[in-house]
Amino acid sequence: MKVSLNWAQFYSNVDLKSIDKVELAQKIGAQLGAIEEVIEWGPRYDGIVVAKVVSCVKHPDADKLHVCKIDDGKVTQNAERDSDGLVQVVCGAPNVREGLTVAWLPPGTVVPSTLASDPFILSVREIRGVFSNGMLASASELSISDNHSGLLEINASDVGEENMKPGTPFKQLYGLDDVVFDLENKMFTHRP
């Protein structure tokens, strides 16, 4: 059984997040049974930020690609920027458009969906003659859903107006800065 620390904190009157993770795992193990694994979700989203698509034009040499200029609040270091402080990203998602708020994976970050097998680290790449700084991601690429039909569209109604600001760490949006304890199931299923 997997238990989220954020979820447990919501229902607890004890400040669980202030307790060191190792000590907390020992306390859980002593009270409930064996812990099979402690999974830290937050680090897999390090470096990924909320960005706003400021402009989106058709790629000059590809039918299904767009060249986008995005605003990341200028929080990402070492990103190539134009004179307005915007970052260029090439995107092939069908729903990319001007004004969209998205998750941007800048160069140097790992695509979360690739962590389990062969981690893919993004870089600045030339795509059909146009440079792209990282990528804009779908929910599937972010490992939060199986939906790969287009970019994850971040809406204020889902995450709150305060999290729509460009440069907000992505892991802050959906409670992804979390620790999950995988508890041994036998302790629950083998007791009368």
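Treat the numbers as computed from the prediction; the structure is a model and nothing was measured.

## Considerations on the pattern of salt bridges
One pass over the structure, following the stated rule, counts four salt bridges. Two residues, Arg81 and Asp72, come together in a salt bridge whose shortest N-O distance is 2.8 Å. With a relative accessible area of 27%, Arg81 lands in the partly exposed category. With its nearest N and O atoms 2.9 Å apart, the salt bridge here joins Glu153 to Arg97. Of this pair, Glu153 sits in the loop between strand E9 (135-136) and helix H3 (156-159) while Arg97 sits in the loop between strand E5 (87-91) and strand E6 (101-105), and the two are 56 residues apart along the sequence.

## What about the sheet that holds E9?
The strand order across the open sheet formed by five strands is E5-E4-E3-E6-E9, and the pairing between neighbours is antiparallel. Edge positions in the sheet fall to E5 and E9, since each of these pairs with one other strand and no more. Sheet topology places strand E3 (residues 49-58) next to E6; four bridges connect them, and they run antiparallel. Across the sheet, residue Lys52 finds its bridge partner in E6, namely Thr101.

## Topic: the packing of aromatic side chains
All told, the structure shown has two aromatic pairs when counted by the stated rule. With 5.8 Å between their ring centres and 50° between their planes, Tyr45 and Phe170 make a pair best called tilted. Taken together, the residues Tyr45 in the loop between strand E2 (35-40) and E3 and Phe170 in the loop between H3 and strand E10 (179-183) connect sequence positions 125 residues apart. For the pair Tyr45 and Phe170, a shared accessibility class is recorded, and that class is buried. Among the aromatic residues, those joined into a ring-pair cluster are Tyr45, Phe170 and Tyr174. Over the ring of Trp41 we find Arg44, and its NZ or CZ is 4.1 Å from the ring centre.

## A short note on the environment of Leu136
Along the chain, Leu136 turns up in strand E9. With 34 residues separating them in the primary sequence, Leu136 and Val102 have C-alpha atoms 6.7 Å apart. With near-sequence residues (within four places) excluded, Leu136 lies in contact with Val53, Ile70, Val89, Cys91, Val96, Val102, Ala103, Trp104, Glu141 and Leu151.

## What to know about the pairing of E5
In terms of burial, E5 is largely enclosed, as four of its five residues are buried. Across five bridges, the pairing between strand E4 (residues 66-71) and E5 is antiparallel. Directly across from Ile70, in E5, lies its bridge partner Val87.

What counts, and where the lines are drawn
- Residues numbered from 1 in each chain as written.
- Predicted model: local features only at pLDDT ≥ 70, side-chain atom pairs only at ≥ 80, totals over all residues.
- Heavy atoms only, no water.
- Salt bridge = Lys/Arg side-chain N within 4 Å of Asp/Glu carboxyl O.
- Buried < 20%, exposed > 50% of the residue type's maximum accessible area, 1.4 Å probe, protein only.
- Helix = DSSP H or I, 4+ residues; strand = E, 2+ residues; numbered from the N terminus.
- Pairing = 2+ DSSP bridges.
- Phe/Tyr/Trp six-rings, centres within 6.5 Å; stacked < 30°, edge-to-face > 60°.
- Lys NZ or Arg CZ within 6 Å of the ring centre and 35° of its normal.
- Contact = heavy atoms within 4.5 Å.

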